[in-house]
Amino acid sequence: MRIGIDLGGTKIEGLVLDTDGTERARLRVATPQGVYEETVQAIVDLVAALERQVGARCSVGIGHPGAISPATGLIKNANSTRLNGQPLRADLEQRLGREVRMQNDANCLAVSEASDGAAAGSGIVFGVILGTGVGGGVVIDGKPLTGAQAIAGEWGHNPLPHPRDDERPGLRCYCGRTGCIETWLSGPRLQAEFERRTGRTLRATDIAEAALAGDAQAAEQMELYCDRLARALSVVINIVDPHAIVLGGGLSRMAPLYSRVPEFWKKYVFSEPDLIVTKLLPPRFGDSSGVRGAAWLWPAK
Ligand SMILES: [Zn+2]
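Source: prediction; values computed, not measured.

J.: Any details on unusual backbone geometry? Residues and values, ideally.
T.: P169 follows R168 through a cis peptide bond whose omega is 0°. Relative to the helices and strands, P169 resides in the loop between β10 (143-144) and α4 (181-185). A positive phi angle is found at A150, which is not glycine, with a value near 60°. As for its placement among the helices and strands, A150 is situated in the loop between β10 and α4.

J.: Let's hear about the sheet that holds strand β8 (residues 124-130): which residues, and what values?
T.: Reading across the sheet, the five strands line up as β10-β9-β8-β11-β12 and stay open at both edges, with mixed pairing between neighbours. Taken across any chain shown, the strands that pair with only one partner, and hence form the sheet edges, are β10 and β12 (279-281). In the sheet, strand β11 (residues 244-248) pairs with β12 via three bridges, with the strands oriented parallel. Of the residues in β12, the one forming a bridge with A244 is K279. Where helix α3 (residues 105-116) meets the sheet, it contacts β8, β9 (134-140), β10 and β11, and its direction lies at approximately 45° from that of β9. In this fold helix α7 (residues 216-240) packs onto β8, β11 and β12, with an angle of close to 150° to the strand it touches most, β8.

J.: Before we move on, could you go through the environment of I129 and cite the residues and values that matter?
T.: As for its placement among the helices and strands, I129 is situated in strand β8. The exposure class of I129 is partly exposed, given its relative accessible area of 23%. Distance from I129 to G250, taken between C-alpha atoms, is 8.2 Å for residues 121 residues apart in sequence. When sequence neighbours within four positions are dropped, the list of residues in contact with I129 reads D105, A106, L109, V134, G135, G248 and G249.

The rules we used
- Residues numbered from 1 in each chain as written.
- Predicted model: local features only at pLDDT ≥ 70, side-chain atom pairs only at ≥ 80, totals over all residues.
- Heavy atoms only, no water.
- Helix = DSSP H or I, 4+ residues; strand = E, 2+ residues; numbered from the N terminus.
- Pairing = 2+ DSSP bridges.
- Contact = heavy atoms within 4.5 Å.
- Axes fitted to C-alpha atoms, helices over the stretch in contact; angles between N-to-C directions.
- Buried < 20%, exposed > 50% of the residue type's maximum accessible area, 1.4 Å probe, protein only.

The following block contains the structure:
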């Protein structure tokens, strides 16, 4: 059986999948907010507790923020910055006495949805996390594409493509660059822009709900958001040409995305006059996709 762990900023979730993908156990603990060693201990304890529940030694896969540098083996790019520069995989392998597979959380979403989720059977899958941050991951034939820097699919810190005059230069991003896709498509940014334009305070998912209910200001904001997401995804389609794009994160619940974005991306994808068959899909497993994908980093056996 396979343990998947989703290491988040506020919680660490773990589950056990059996060979056919059925969930056998699930536990959740708060992420320690103190020193790094407490996070290592919390994961080791969670693995032990899950193995007690199912009565078997399991493989362990972990989804985490950021990436593991192929050059140094250390965590980088994590928004939970206390992880950055730490040898998390080596520490866990030593403490757990086995090989541990680890992947970025967007890669785990893509693995989950490509394995037995919304994109099952699709050869090339791009998984997108739209939430407080914006990230992505590429999966080919069920396996995550890691790459030379372990940043394959990290398109949230590319600039927004085809910027309009009023979108230049864009906002300063925490990564030090300006006008990153994340600064246009994150939930906080959608909420802030709507507030600036209308004076109304609504959460991102509520703006989508209001648009569906006929609110003209919300509909206008959603059209703008969908056009920007289409521009951002058109570049991914031009480069990796995925069969399916699966959205995850809190903003993946915004229903208008799935009908409007594929309309907008017709203007931007280089595929004239051919049809664009790439599907844009909501996640089958919702918030559980990351933790399931971590378990799927090991084959069923
Ligand atoms: Zn950035």
